[in-house]
Each structure stands twice: as C-alpha cells, then as structure tokens.
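What follows is the residue order along each chain.
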Amino acid sequence: MKKKLSWYRIFFRVIALILIPTLVIGVLQRILTPKYVSSIPEGSMIAEYYDSPKNTDVLILGDCEVYENISNVAMYQNYGVTSYTRGSSEQLIWQSYYLLEDTLQYQKPKVVILNVLALSEAEAKSEAYNRMTLDGMRWSKSKRASYEESKTSKENLLSYYFPILRYHSRWSELSSEDFKYAFEKKPLVTSNGYLMQVGVRPVTTVPKTMPLSDYDFSQRNMDYLDKIRQLCEDHGAQLLLMKAPSIFPHWYDEWDAQVVDYAKAHNITYLNMVKDAEKIGIDYSKDTFDYGQHLNVDGSEKVAKYLGEILKTKYNVEDRRNDPTYSTYWNDLSKRYDEEKAAKTKAWESSNAK
Amino acid sequence: MLFTSVQFLIFVFVALVLYYTLPKKCQWIVLLVANVYFYLQAGFYGAIFMAITMLTSYFAALIMDYYKIVGERIIKLSKVEVTRDEKKKIKADVKRKSKVILVIALLINFGALGVLKYSNLFITSFTNFSPVNFILPMGISFYTFQTMGYIVDVYRGSVTSEKNFFKYALFVSFFPQLVQGPISKFTMLSKTLYAEHDFSWDVIESGLMRIIWGYFKKMIIADRASVGLATLISDFTTYKGAYSLLGIAIYAVQLYADFTGGIDITIGVAELFGITLPENFKQPFFSKSLAEYWRRWHITLCTWFKDYVFYPISTSKRVIHQGKWLKEHVSEGLGKRFPMYLATLTVWFVTGMWHGAKWNFIVWGLLNGIIMLLSQELSGVYKKVDSKLGLKKTKIYGLFEIIRTTILVAVLQMLDYHKNIADAARMFVSIFTSANYGQVFGGGLFNIGLSVYDYVVLLVGIIVIYIVSYLGRNESLRVRLKSKPYAVRFILCLAMLVCILIFGSYGIGYEQSQFIYNQF
C-alpha cells in the first residue's frame, strides 16, 4: 500500500509547485524581455516616465515628431519651463489619451501639448508599434483600455501580462545587455522623454505627394481628440495642439483645415510648425538627421525655444530655474544632456571624417 | 479549439474541476457536456453530421440486438422443441435482418463521409464539373470509423449494444480523441469511460507528464519543422535536388512529432479524467521492416483495417472460393496468394483514401501494400542470404534495417506533402539529377525560414525523442519515473515546460498550426 504523505510534505510540495516555476519563469522573463538600451531605445521611453519626479508643468504627447523634435532641456535652460514628453513610436491618438489618463494619476500639468499627426492614423499599424507604447505603461485601467483599443488581430492580452509569451523567441538573440539589465537598473535613454539625435543628413529631394481618396479624420480619432480636450479641462490643464515641423510624411492642407476648425471651435491654440518652420529658424540643410523627417538636436532646440516662448508668454508657465524643488534635478539633467550631446556629436564627426 | 490554444487548457481545467468535484455518478455527464461544448466550438454544421452518426449507429445496434434477443427467445420459449435445423434457420434469419440494418447504417455513414470527403476527387478526376465546397466536419473520419467498428462488433455479437443513448453519445464524441484519434473499440473504451473515477494525484501527475511531452514534440519540433517544409514546397523550381532531400527529412520529423505529440496530448488529457485510451505508437522508427513499421505506427487505425477490412475479405467464402478456382485453373501459387493479396491491396487502397482525397494518397497506400507484399515474396531469398552470411545476428545489420526502413517510409511520405504524384516523382528524381548539394549544405539550409538556432533545436529535439523512445522501448519512461523521487519528476517536468515556453513555436510570427491529422 502506498505510504500516505504527511500534511506538511503535501504543503511543501504545493508551495514548491507554485513558487519554483514562478521563480524560474520570472527570471527567464526578465532575461528575455528586450531591454531597449543600445538597440531600439524607443522601447524604453514610456517606462522611463515613472522614474522621473513627475512634477513638470508641461506634458507633451505624440509620436516621434515630439520625442525627436522638442528638446525639453533646451526649453528649461532658456525659459525654465519644465516638461516631460510621453512620446512613443507611431503613438496613436487613443494611446495619447490613455497615456494622458495614466499621467494624470501622478501629476497635474498646467499645459498638455498634443502633436496632431496621429489624427491621420485610423487604425493600429502593427503589434510592434503597439508594444512601444503599451509595454512601458504600468498596469492600470488606462493601459488595459489602450490595449483593447489598439490590439491587432494577432495580439492577445496574456502576452502583455506575461511578456515571456511574446519574447520567448529572443533566446537566440540574447546579448550581454539582456543579462546585465535583467535585474540591474537600466540607464536612461532620454532626457525627460527627448531622444537626442545628432548629425546632419540634409533634405535632398522632397517625396512626391499623392492625393488621397478621403481626407476626413476618422470619427474615432475625433472622439478621442475630444476626450483629450475634456480630460484636460477636467484636470485644469490647457490643451495646445501642434504639428511638428517635417518635410514628410506630408501634412495635407485638408487635414490641417480640420484641426484649425476644431481648434477654433474649442478656443484652443494650434501651432502649425510645418508652415512656421522658417519663423522657428529651421534650416533643413542643417537641422535634420534623416533628410527632413525629424530634426537633429540643433533643430529640436530651436523648436524648444519657440515653444518655450509661447508657453511662458501665453500660458504663464512658471520659470523654475530658481526653484530648488526643480533646479537640482534639472541641473543634473542638463549636465547629462550636454555630455550626451558632446559625446554623440564627437562620434558623428569621427564617423563622418572616415 | 486548437489543442495548443489557451482556451483549450482552460476548458480542460474547468472540465476537470467539475469532473472531480461533482458526485462521481455525474462524471460521465460532465464529460458529455464537455464533448458537446468542445465540438460546438467548431460550429453547428459539424454537429449535425455527428448527430446523424450517433443516431443511426445507436439505433442500428439496438435493432440488431433486438433481433438477436427475439431470435433467442423464440428458441428458448418455444412450447415445442426446436430442431437444430430450425435453430439454424432462426439464427440465419436474425443474421440476415441484422445484416440489412448493418448495411444501411454503414451506407449512410460511410456514404456521408464519402460524399463530404471524396466528391471532389471523383468530380475533378472523372467529370468536367467544378469542385464542390464541402466543409469537412471535425473528426468525421475518426468518429465514423469508431462507430462503424462498434456496430460491426454488435453485428458479430462480440459487443452488446449500449442502451443509454447519452452514454453512447459520450463514446462517439469523447473530445480528446476527436481531433486525431486514437480509434477506440467500444469494449475497451466503454469500461473506462463510464466507470467512476476517484481523484488521484498520481493520475494527474502521469497525465500531465504525458501532455507536457506531447506539447514538447508538437510545439518545439513539429511546428518549427513545418516552417521549413512550407518554404520547400512553395517553389519547386528553386527547392529541388538537395532541398528535396532536406524536405524528406524535415517532413518525416514534422509528421512524427506532430502526430505522436498530438496523441500524447490526447491520451494525457483522457488520463487526467482517469480514462485509458489505447496506444497509437510504439517507437515506429525502430522498425526493421515496413510491415513492422505499420504495426508500430497509427496502431488503432491499422487494427481497425485489419479487423474490419482485411479479415472479412481474406476469410470471406467468396474470396476463398475464388482463390480455389485460381489454384485449380491458373496456378497454385496465385490461388494461395489471392485472398491475402486482395485483402492487403484493398486495405492499403482504403488506407490511402482515408489519409486524403487525392490520388497521391491512394498511390502512397498502394505502394506501401505492394512493397510489403514484395518483401513477403522475397522473404525466402532473404532467409537464404542470411543463413549464408549470418547478418541478422549482427547489431550493424539491425541498424541498417532500421535506417533502411526509415528512409523508405520517409521517401514514400513525399506523396503526402506534394501537390500531386507528378510533382512528388519529379522532386524525387531531382535528388539524383540536380547538382545543388554544395549550395544547399553550404548555406542554402538557412534560406528556408530556419536559422542555425532552429536546426540546433530540431537536432537536440530529435536526439531527446530518440533517447526517450529508446529508454521507453520495454516500459514507458513515465512508469519508470514513478519509482524516482518526486523532486526528479518535478525537475524533469519543469525543464520540459521551460523548454516549451522558450523554444515553442507560438505567438506573434508563428501561426498556430493545426495537427496534420486534424484534416482527416
């Protein structure tokens, strides 16, 4: 007859059955999940927000047109305006809304700046881009809702709860970075959400603009724009709409007109920096690193100064340069920013000299 | 509901909880409800055909049993003594009536299967009409064979009909075996299916180990190999010669891991409920001959064909009589061989058809049959050679036989995955005529969707399978592991689970693939 197990052996077996696999799978998950430090740093951006002081007066939302085109440090250095850019690759308008909702759990910005290019994207493009925005968010109702709105046909929620289900195939691509940062804190890749790009690749040719069959922004997108406006209003924040300067993708006049109309109807400022590029001082022969799609650090500092002036004069955003609550953090950030700029510029110059 | 989906795992878990928490006499009802739920996930359309099979076979069996009982009662309760001749007459009458019922039930069910599965083969081969778009109900081949086996057994008197329709429905629709078998006999399955089962951690552990092993084979090996094969068969002008050879190897691995993996999951899931299903494989790639291979591969299907096609044909009076005529009028050898040859070729013709509604499969089936018959004819020659050289006693020769059989099986399987016979033949010939071996083995290997890491995983996986098969050749490895400490079993299971988690072909970039035999 089989010996009956004592209760404490059963208890320990059950604990082992739950704890050991959880531990093993947990460790593997940490190793396999991409770290986004030296490669695809965009993947780290959303999560980095949670390590920041979360006390900025300005919040900037949008896609690469904000996180590569606006230097938050330059805005602080010139006007004392504190800002954080919660930007991500191909950030969709509803993702901006849920990021705003998420951010408002932690801070109450005075001004929310939204880049309007996302209004032209009616559907989520791919799971990879969704991950850039969603993976970094802490679990909340906002993240869940953003997932539901964004998910493509092949995505499933379980792989967001348990990233190992998504990233298990990375076992063949693991680098030392994956092991190093599995448990160690990652270095920051942005300066308050700004992803610095150096170097100059000037505009050579402007891509031909093809007419569209339908220029109307989708109703869902307009609804989310409205929700952003309302959320700002509910939390005492002023909404500022902008279209970042770029040569392409083309910002159609028909799109612009819809934003102008919306801004007018709701008494919101809308800055079309595509039209105002010259006023801002952008020189596409020097200020772009990718042939006119995004700005390099010089171009982004110009945009920052332009925006900073408006935020100071029109929105009365405070100058925090002498405020000790802010200055220590921002001085450190400025130092890091300057070091990064110098290092990247040196690297660019030496690679171009070859 | 795919076996490799999260929904399936949740479904089994919920069914298990209900099965062991509700009163034991409700266990079979829980299973029946689970079966209905599982089957309806594939749509109502298929459920209609299953219901027809259930009803026709249930009533056919009942009626045949009724005739038998009536016949026996007539004999038993007769006021005057029934003579031997009269008894024979009554029994013959019962047999005749039962045969009518049997034939009707067989015609309805095999007819439905035939129309749904084989109409297009007939239409495209012999007519100018456009093919029809019939959707094949899930598992129709498997449950039709299982139920038709049941009614033949009732007709033969080896089984008494099941009176409870819902219990019978449980036998027909038992969800783990719907996807790809095994095909069970009523005598064996009913005992375990309808019995009350106590909860046992040993049983759960054993079932889980089997399931994990099944997922290991399916998700790590089969689904990974399928990526390579899909590329190889997509463009024959590019992927010929050495690529064709690579395809043979990859498909053999894929099919083995897919089918045996699926059966492991099936048997493991049934085991969780305390239900024993028959084994369907017995280390087939240790076979030394094609005949032995078919005693080790898809055992329940082969047993079905043996019991319900081979024996009835080979022992039928008409065929034996035909054999005698040939013996007297043509040649003794032919006459002696006729019943067995006719039965063998019929079995392999039907086996081919069962595997798919294409001429490829029919040719594949017949080739298997012909090779086995040839092998039998040459057995005398082999014996003479062996007695002179004493080869059979050597281990090297045994290894040679295994490799030879493996190659033969794998080459024949080319007919499985090529579109038609001509393509399969062309690709086979290209192995000897296309001089691209240097190109393929010098890097072309990595142009078919498989990286060096994939090949490493496949190779390690194959080695693991061989080791497990070798160690379990006399007694199942799971049984042997039961005597080892709990920690050893736990670590092994955890290691396999972790391997599946990391190396499994699932998620974005991997299409969740059906089991190959699911298409039947």
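Fair warning: this is a prediction, and the values are worked out from it, not measured in the lab.

Draft legend 1. Just the overall build of chain B, in detail. Each helix and strand in chain B was counted, giving 22 helices and zero strands. On C-alpha atoms alone, chain B measures out to a radius of gyration of 25 Å, which is about the 24 Å that the 2.2 N^0.38 rule sets for 520 residues. Seen through its principal axes, chain B has C-alpha atoms that stretch 90 × 70 × 55 Å. Taking all 520 residues of chain B together, the buried fraction comes to 37%. Taking all contacts inside chain B whose residues are at least 6 apart in sequence as the whole, residues at least 24 apart take part in 75%.

Draft legend 2. Main features of the interface of chain B and chain A. Chain B puts twelve residues into the contact, and the matching count from chain A is 17 residues. With five residues, helix 22 (residues 486–503) of chain B is the largest single contributor of residues to the side of chain B that touches chain A.

Draft legend 3. Representation of helix 11 (residues 299–314) of chain B in the model. Residues and elements named next belong to chain B. At Lys 306, helix 11 shows its largest bend, some 40°. Within helix 11 the residues assigned to the buried category are Ile 299, Thr 300, Leu 301, Trp 304, Phe 305, Phe 310 and Ser 314. On its buried side, helix 11 packs onto helix 5 (140–156), helix 10 (290–296), helix 12 (317–329) and helix 13 (332–355).

Draft legend 4. Spatial organisation of the pairing of strand 4 (residues 238–243) of chain A. All names here are of chain A. Counting buried positions along strand 4 gives five out of six residues, so the element sits mostly inside the fold. Strand direction decides the pairing type here: strand 3 (residues 111–115) and strand 4, joined by five bridges, are parallel. Looking across to strand 4, one finds that Val 112 is bridged to Leu 239. In this sheet, strand 5 (residues 269–272) lies alongside strand 4 in parallel orientation, the contact comprising four bridges. Residue pairing in the sheet places Lys 243 in a bridge with Asn 272 of strand 5. Between the parallel elements strand 4 and strand 5, the chain passes through helix 12 (residues 253–265) in a crossover that is right-handed.

Draft legend 5. Structural context of the packing of helix 5 (residues 93–103) of chain A against helix 11 (residues 219–234) of chain A. Residues and elements named next belong to chain A. In the contact formed by helix 5 and helix 11, the axes pass within 9 Å of each other and the chain directions differ by 20°. In this view, helix 5 runs roughly parallel relative to helix 11, as classed from their interaxial angle. The handedness of the crossing between helix 5 and helix 11 is left-handed. Along its contact with helix 5, which presents Ile 93, Trp 94, Ser 96, Tyr 97, Leu 100 and Glu 101, the element helix 11 presents Asn 221, Tyr 224, Leu 225, Lys 227, Ile 228 and Leu 231. Its residues placed into classes, the contact of helix 5 with helix 11 shows eight nonpolar, two polar and two charged.

Draft legend 6. Expanded view of the sheet that holds strand 3 of chain A. All names here are of chain A. As summarised here, the arrangement of the five strands in space is 2-1-3-4-5, forming an open sheet in which the pairing is parallel. At either end of the open sheet lies a strand with only one pairing partner, and these are strand 2 (83–87) and strand 5. On average, adjacent strands in this sheet sit at an angle of 20° to one another, irrespective of strand direction. Judged from the five bridges that link them, strand 1 (residues 58–62) and strand 2 form a sheet pairing that is parallel. Along strand 2, the bridge assignment pairs Leu 59 with Tyr 84. Contacts between helix 11 and the sheet are confined to strand 3 and strand 4, with strand 4 contributing the most and set at about 145° to the helix.

Draft legend 7. Main features of helix 3 (residues 44–77) of chain B. Residues and elements named next belong to chain B. Taking 1.5 Å per residue, 34 residues should reach 50 Å; helix 3 reaches 48 Å between its end C-alpha atoms and fits that length. Residues Phe 49, Met 50, Thr 53, Thr 56, Ser 57, Tyr 58, Ala 60, Ala 61, Met 64 and Lys 68 constitute the buried set of helix 3. Lining the buried residues of helix 3 we find helix 2 (27–40), helix 4 (84–126), helix 5 and helix 6 (165–173).

Draft legend 8. Inspection of the packing of helix 5 of chain A against helix 7 (residues 141–150) of chain A at higher detail. Residues and elements named next belong to chain A. Across the interface, helix 5 lies against helix 7 with an axial gap of 9 Å and an inter-helix angle of 175°. Judged by the inter-axis angle, helix 5 sits roughly antiparallel to helix 7. In this structure, helix 5 contributes Trp 94, Gln 95, Tyr 98, Glu 101 and Asp 102 to the contact, and helix 7 contributes Ser 142, Lys 143, Ala 145, Ser 146, Glu 149 and Ser 150.

Draft legend 9. Just the environment of Asn 69 of chain A, in detail. All names here are of chain A. Mapped onto the elements, Asn 69 comes out in the loop between helix 3 (64–67) and helix 4 (72–79). With 34 C-beta atoms counted inside 10 Å, the residue Asn 69 sits in the buried group. Considered as a pair, Asn 69 and Gln 293 are 224 residues apart in the sequence and their alpha carbons are 9.9 Å apart. Residues contacting Asn 69, with those up to four places away along its chain left out, are Ala 244, Pro 245, His 294, Leu 295, Ser 300 and Val 303.

Draft legend 10. Structural detail: the nonpolar core. Grouped together as the largest cluster of nonpolar side chains are 110 residues, with contacts concentrated most on Ile 151, Phe 171, Ala 225 and Val 253 of chain B. Examining the composition of this core, we find that 19 residues originate from one element, helix 9 (residues 242–272) of chain B, more than from any other. Residue contacts for Val 253 of chain B: discarding those within four places in its chain leaves Ile 221, Ala 225, Leu 458 and Ile 462 of chain B. Residues Val 73, Val 81, Leu 241 and Tyr 306 of chain A belong to the second largest nonpolar core, which totals 67 residues.

Draft legend 11. Representation of the domain arrangement of chain B. Residue and element names in this part refer to chain B. Domain boundaries assigned for chain B yield domain 1 (6–199), domain 2 (200–277 + 435–520) and domain 3 (288–417). Relative to domain 3, the C-alpha centre of domain 1 lies at a distance of 29 Å. With twelve residues of domain 1 at the contact, the number on the domain 3 side is seven residues. When contributions to the side of domain 1 that touches domain 3 are tallied by element, the ones reaching two or more residues are helix 4 and helix 5. Each residue belonging to the side of domain 1 that touches domain 3 can be placed in one class, and the counts come to six nonpolar, five polar and one charged.

Thresholds, definitions, all that
Residues numbered from 1 in each chain as written. Chains lettered and ligands numbered in written order. Predicted model: local features only at pLDDT ≥ 70, side-chain atom pairs only at ≥ 80, totals over all residues. Helix = DSSP H or I, 4+ residues; strand = E, 2+ residues; numbered from the N terminus. Rg over C-alpha atoms; globule rule 2.2 N^0.38 Å. Buried ≥ 20, exposed ≤ 12 C-beta atoms within 10 Å, placed from the backbone. Contact = placed C-beta atoms within 7 Å. Bend = angle between axes of the 7 residues up to and from the residue. Pairing = 2+ DSSP bridges. Right-handed = clockwise from strand over helix to strand, strands pointing away. Axes fitted to C-alpha atoms, helices over the stretch in contact; angles between N-to-C directions. Parallel < 35°, antiparallel > 145°, perpendicular 65-115°, else oblique. Left-handed = near helix turned anticlockwise from the far one by under 90°. Nonpolar A, V, L, I, M, F, W, Y, C, P; charged D, E, K, R; others polar. Expected span 1.5 Å × (residues − 1). Core = buried A, V, L, I, M, F, W, Y, C linked by C-beta atoms within 7 Å. Domains from an automatic or database assignment.

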